[in-house]
Amino acid sequence: MSEVDGADDGPAKRPGRDPGGSEGPGGGTGTGGGTGTASAGRTGGGARLGGWTRFVTARPRLSLLVALLLTALAVVAGSGVADRLGSGGWEDPTAQSTYATKALEREFPASQPNLLLLLDAGAASVDDPSVAAEAKRIAARLAAEHGVTGVGSYWQSGSPALKARDGHEALIAARITGDETAAADTLDRLAPSYRGKSGPVEVEVGGPIAVRHEMQTTIKEDLTRAEMIALPVTLLLLVMVFGSAVAALLPLGVGIIAILGTNAVLRGLTEVTDVSVFAMNLTTALGLGLAIDYALFIVRRFREELATGAPPRAAIGVTLRTAGRTVLFSSLTVAVSLAAMLVFPQYFLRSFAYAGIAVVLLAAAAALILLPAALMLLGDRVNSLDLRRLFRRGRQDPSGGGAVWGRTAALVMRRAPLFAVATTAGLIVLGLPFLGVKFGTADDRQLPSGAESHIVQQHIRDGFPGSPGGALEVLAEGSATPTEYARYRERIAALPEVLRVDGPLVKGDAAYFSVLPKGEAVDEGAQRLVGELRAADAPFGTSVTGTAAVLVDSKHAIADRLPWAAGFIAIVTLLLVFLLTGSVLIPVQAVLLNALSLTAMFGAVVWVFQDGHLSGLLDFTSSGSIETTLPVLMFCVAFGLSMDYGVFLLSRIKEEYDHTGDHREAVRFGLQRTGGLITAAAVILAVVMVAIGTSRVANTKMLGLGVALAVLMDAMVVRSLLVPAVMRLTGKATWWAPGPLRRFHDRFGLSEAETPRPAPAAEPVPDTVSRAEPVPDAVPDVSAESGRDRAEARG
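Residues numbered from 1 in each chain as written. Predicted model: local features only at pLDDT ≥ 70, side-chain atom pairs only at ≥ 80, totals over all residues. Heavy atoms only, no water.

Novice: Before we go on, may I ask you to explain the overall build of the chain in this structure?
Specialist: Tallying secondary structure elements over the chain gives 25 helices and eleven strands in all. Within the span of the chain, comprising 795 residues, buried residues form 58% of the whole. (Helix = DSSP H or I, 4+ residues; strand = E, 2+ residues; numbered from the N terminus. Buried < 20%, exposed > 50% of the residue type's maximum accessible area, 1.4 Å probe, protein only.)

Novice: Any chance you could explain the environment of Leu 579 here in plain terms?
Specialist: Structurally, Leu 579 is set in helix α17 (residues 547–581). Distance from Leu 579 to His 745, taken between C-alpha atoms, is 6.0 Å for residues 166 residues apart in sequence.

Novice: Even after reading the chapter, I still don't get the packing of helix α21 (residues 630–660) against helix α23 (residues 698–730), so can you show me in this structure?
Specialist: Two packed helices can be described by the angle between their axes and the distance between those axes. Running from amino to carboxyl end, α21 crosses α23 at an angle of 35°, the nearest separation of the two axes being 9 Å. Viewed along their axes, α21 and α23 form a crossing whose handedness is right-handed. Counting all contacts with α21, which are made through Leu 630, Leu 633, Met 634, Val 637, Ala 638, Leu 641, Ser 642, Tyr 645, Gly 646, Leu 649, Leu 650 and Ile 653, the residues of α23 involved are Asn 699, Met 702, Leu 703, Gly 706, Val 707, Ala 710, Val 711, Asp 714, Arg 719, Val 723 and Met 727. (Axes fitted to C-alpha atoms, helices over the stretch in contact; angles between N-to-C directions. Left-handed = near helix turned anticlockwise from the far one by under 90°. Contact = heavy atoms within 4.5 Å.)

Novice: I tried to follow the sheet that holds strand β10 (residues 541–545) on my own but got confused; where do I start?
Specialist: Across a sheet, strands are paired by hydrogen bonds formed along the backbone, either parallel or antiparallel in direction. Pairing is antiparallel in the open sheet, where four strands are placed in the order β8-β9-β7-β10. The strands lining the two open edges of the sheet, one partner per strand, are β8 (498–507) and β10. Adjacent strand axes in the sheet meet at a mean angle of 20°, parallel and antiparallel pairs treated alike. Strand direction decides the pairing type here: strand β7 (residues 472–477) and strand β9 (residues 510–517), joined by six bridges, are antiparallel. Across the sheet, Leu 475 pairs through a bridge with Tyr 512, a residue of β9. Contacts from helix α15 (residues 482–493) reach β7, β8, β9 and β10, with the element oriented near 160° to β8. Running at roughly 10° to β7, helix α16 (residues 524–535) makes contact with β7, β8, β9 and β10 of the sheet. (Pairing = 2+ DSSP bridges.)

Novice: Which parts of the structure should I look at to understand the sheet that holds strand β3 (residues 169–176)?
Specialist: Strands sit in the order β2-β3-β1-β5-β4 across an open sheet of five strands; the sheet is antiparallel. The strands lining the two open edges of the sheet, one partner per strand, are β2 (148–153) and β4 (196–198). On average, each strand axis in the sheet is tilted by 25° relative to the strand beside it, whichever way the strands run. In this sheet, β3 lies alongside strand β1 (residues 115–120) in antiparallel orientation, the contact comprising six bridges. Paired with Leu 115 across the strands is Ala 174, a residue of β3.

Novice: Is there a simple way to think about the nonpolar core in this case?
Specialist: Nonpolar side chains in soluble globular proteins tend to be buried together. Judged by nonpolar contacts, the single largest core of 164 residues is most densely connected at Phe 278, Tyr 294, Val 360, Leu 375 and Leu 633. Counting residues per element, this core draws most heavily on helix α11 (residues 347–378), at 18 residues. Dropping the residues within four chain positions of it, Phe 278 is found in contact with Ser 87, Trp 90, Met 215, Ile 219, Phe 348, Phe 352, Val 697, Asn 699 and Thr 700. Residues Val 126, Tyr 154, Trp 155 and Phe 464 belong to the second largest nonpolar core, which totals 37 residues. (Core = buried A, V, L, I, M, F, W, Y, C linked by side-chain atoms within 4.5 Å.)

Novice: Is there a simple way to explain the environment of Ala 548 in this structure?
Specialist: Structurally, Ala 548 can be placed in helix α17. We classify Ala 548 as buried; its relative accessible area is 0%.

Novice: Explain a nonpolar patch on the surface to me, please; I cannot follow it from the model alone.
Specialist: Taken together, the side chains of Leu 62, Leu 65, Val 66, Leu 68, Leu 69, Leu 70 and Leu 73 make up a nonpolar region of the molecular surface, amounting to roughly 700 Å² of accessible area. Tracing the backbone through its elements, the reader meets Leu 69 in helix α2 (residues 60–78). (Patch = residues over 30% accessible without salt bridge, like charges linked within 9 Å, V, L, I, M, F, W, Y side chains within 5 Å. Areas by Shrake-Rupley, 256 points an atom, 1.4 Å probe, with all protein chains shown as cover. Salt bridge = Lys/Arg side-chain N within 4 Å of Asp/Glu carboxyl O.)

Novice: What am I meant to see in the packing of aromatic side chains here?
Specialist: To describe a pair of aromatic rings, you give the distance between the ring centres and the angle between the ring planes. Tallied over the entire structure, the rule returns 16 aromatic pairs. With 5.5 Å between their ring centres and 75° between their planes, Phe 278 and Phe 348 make a pair best called edge-to-face. One end of the pair, Phe 278, is in the loop between α8 (245–269) and α9 (279–307); the other, Phe 348, is in helix α11, with 70 residues separating them in the sequence. Phe 348 shares its class with Phe 278; the two are buried. Judged by centre distance (6.4 Å) and plane angle (20°), the ring pair of Phe 578 and Phe 744 falls under stacked. (Phe/Tyr/Trp six-rings, centres within 6.5 Å; stacked < 30°, edge-to-face > 60°.)

Novice: What is the right way to look at unusual backbone geometry in this model?
Specialist: In most cases, non-glycine residues show a negative phi, while peptide bonds are predominantly trans. The peptide bond linking Gly 503 to Pro 504 adopts the cis configuration, its omega dihedral lying at 10°. Within the secondary structure, Pro 504 sits in strand β8. The backbone phi angle of Asp 619 is positive, close to 60°, even though this residue is not glycine. Relative to the elements of secondary structure, Asp 619 occurs in the loop between α20 (615–618) and β11 (626–627). Judged by relative accessible area, which is 56%, Asp 619 ranks as exposed.

Novice: Which parts of the structure should I look at to understand the pattern of salt bridges?
Specialist: Opposite charge on two side chains makes pairing possible when the charged atoms of those side chains draw close. One pass over the full model with this rule turns up 25 salt bridges. Residue Arg 300 pairs with Glu 304 through a salt bridge whose shortest N-O separation is 3.4 Å. Of this pair, Arg 300 and Glu 304 both sit in helix α9, four residues apart, which is roughly one turn of the helix. Classification of Arg 300 as buried rests on a relative accessible area of 1%. Look at Glu 304 and you get buried, because its relative accessible area is 1%. Arg 528 is the salt-bridge partner of Glu 497, the closest N and O atoms lying 2.9 Å from each other. Taken together, the residues Glu 497 in the loop between α15 and β8 and Arg 528 in helix α16 connect sequence positions 31 residues apart. Here Arg 528 falls in the partly exposed class, since its relative accessible area comes to 44%. Each member of the salt-bridge network shares a partner with another, and the members are Glu 221, Asp 222, Arg 225 and Arg 696.

Novice: Would you mind showing me how to read the packing of helix α4 (residues 129–143) against helix α6 (residues 180–194) here?
Specialist: As a packed pair, α4 and α6 sit with axes 12 Å apart at the nearest point and diverge in direction by 160°. On the basis of their axis angle, the class for α4 and α6 is roughly antiparallel. As for the relative orientation of α4 and α6, their crossing is right-handed in sense. Of the residues in α6, those touching α4 at Ile 138, Arg 141 and Leu 142 are Leu 190, Ser 193 and Tyr 194. Grouping the constituent residues of the contact of α4 with α6 by class yields four nonpolar, one polar and one charged. (Parallel < 35°, antiparallel > 145°, perpendicular 65-115°, else oblique. Nonpolar A, V, L, I, M, F, W, Y, C, P; charged D, E, K, R; others polar.)

Novice: Would you explain the side chain of Ser 514 in this entry?
Specialist: For Ser 514, the location among the structural elements is in strand β9. Judged by its relative accessible area of 17%, Ser 514 falls in the buried class. Leave out the neighbours within four places in its chain, and Ser 514 touches Ala 471, Leu 472, Glu 473, Arg 500, Val 501 and Asp 502.

Novice: So what exactly am I meant to see when it comes to α23 here?
Specialist: Every α-helix winds through 3.6 residues per turn, so residues three or four apart in the chain are directed the same way. Along α23, the helix axis deviates most sharply at Val 718, where the bend reaches about 50°. Burial analysis of α23 places 25 of its 33 residues in the buried class, the great majority of the element. Directly after α23, the chain includes Gly 731, whose backbone phi takes a positive value near 60°. (Bend = angle between axes of the 7 residues up to and from the residue.)

The structure is reproduced here in structure tokens:
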């Protein structure tokens, strides 16, 4: 792993920078020289940041005490949040299928079974008198249970759809009433007393409610395991990067605060809206990943300032004006990408927006408020406990890896057309499998193959005619005669995708028909059948629901709102990157290259999780499709994280260009300074995402491993090769903006504009200031670089 490169040279030491200017302990700004483009209009912003420095350093102990109390309150407020989260949320609440589902549940509860009991008679037939008697007894007992309605069975109806082809298995179907939480409580109460041997039959519990409940339980268990994996590995990596156990603990502290605070936010949201249990995975991943990114950036810059002899308060002032400003900007770009999911009606996607925005803003707040307070108290002790001394051997690399990144940038820019074309072509090729994507819905195959509800559903798929759990229900509303019902039934029975039609069951002016497709519950034939049923002529109003209908409506809702979400992300990202750079071209490049960096992720998702490659190695069951909302979620998360790294790189390039006016040198210097930082941050975030990807639930595995791949591709391919190549090709035109926009940026723009190094006169510098020792190539340091590397950095 590469170092988060060495310390920056003072602004007075690079060509084109004015050695004048000073900053006192309060954090006031000085004046900078150079080309003049960075300094115009910045005085007010510098004063505000100076005030912020005084605010966060005035009472550091009090700040940390308040944070400790708030964290304790968050632990209490967020306790039990997982038990209140739902495991659904893929349906559009305004869709026709949702309306029909609620109406059928109200008028015909037996039409919407969510609990299935699979009775296995062993070698006997399900029609054997002793088996039939026991099955009827179980069904009667289930019908008498509180919270259960609409009990039906093969032995009651004789329906061939409820009997296995081999005659040894049959089903009892029922509906557990209430919302997700109440239904889960009822299932917990009933399942143990029905599961297992009962006379001549063996009973297993399945159905949609069992699948969702088992998925929720599995996710909670997997999340705990992921945290147990991610935390120690992350701490080890941070120690390797920082070279100090004290410095390494600070990012973890920021991450834990962000996670606990977000859990409290989610707990509060469950009082007013539905929240998906899957959102907790994003809370952990982003809470650790982004907190580490932000703290890594701030602690690194603080240590650089200390290494130049600056006192802690002045070092914090410079850190907040530079790294702190970039962290604030970066958090806004990530939050914007996640906020785009709020335009979708499915609460599954909206939940990730709730969790993501909360954890990003809390991580940024902790990094910009609590971290400076902790650094103020620690001072030079932030470099304490260098555990790597135990492992140091051999020759050390004094550059900390920065020279490697500088040479890489120089090589890429010398061969810019080759690198631009080859990298772009390679990314497009990796994304080609996504052209064959098939969208589906989450089902029992998300669960491990040994999960009981998965076993039940697999028995039904393999052994029962049609798809008993995948029937389409047609709700008929309006008065009609028996003859009109019969004609309508004949009309829909003649449709090519229909295996059988049951009904109608009439109640007042309403009735419903159960239509069984010939194939799988959500295959293309079943989805075509939904459209045919909705288009079929009828003398009464009709609404169609069922698994395939929910999928069709969900796909329509996403397709309808996707342009709005994409437009929101693109427009706000363009604006934010313009405020960072003052360029018209760079924001366009950022959006396009960010999108291009995600192609490998989408191609891998289809190749692995849809087509089933590596399913044995990764231990999951492929359903042959991708859940409809997952690509949207993965795009928003991965795009935001890519922008996070893009801001780190662009801010350094912009800073150098403002000081020197040398475009090519600015790109080289920017990659030299941030290449190691971005790589280290990406590796650590990828470790967290891979830990999430060890989940036994396929969708969570897909999210974790897919985003980990996207993060690594962005950091190691796009930021390292494609961005410098493209910026070299566009040359100085990269920085062009029309006069009105240039003046707007001078007044309102934000950037990591480095101000002159403060004179270390306000506080004495103790003789015991820790100087980082050189380290082996494999464990580079984040502390001050050697004079040789300083000279190389200056060119």
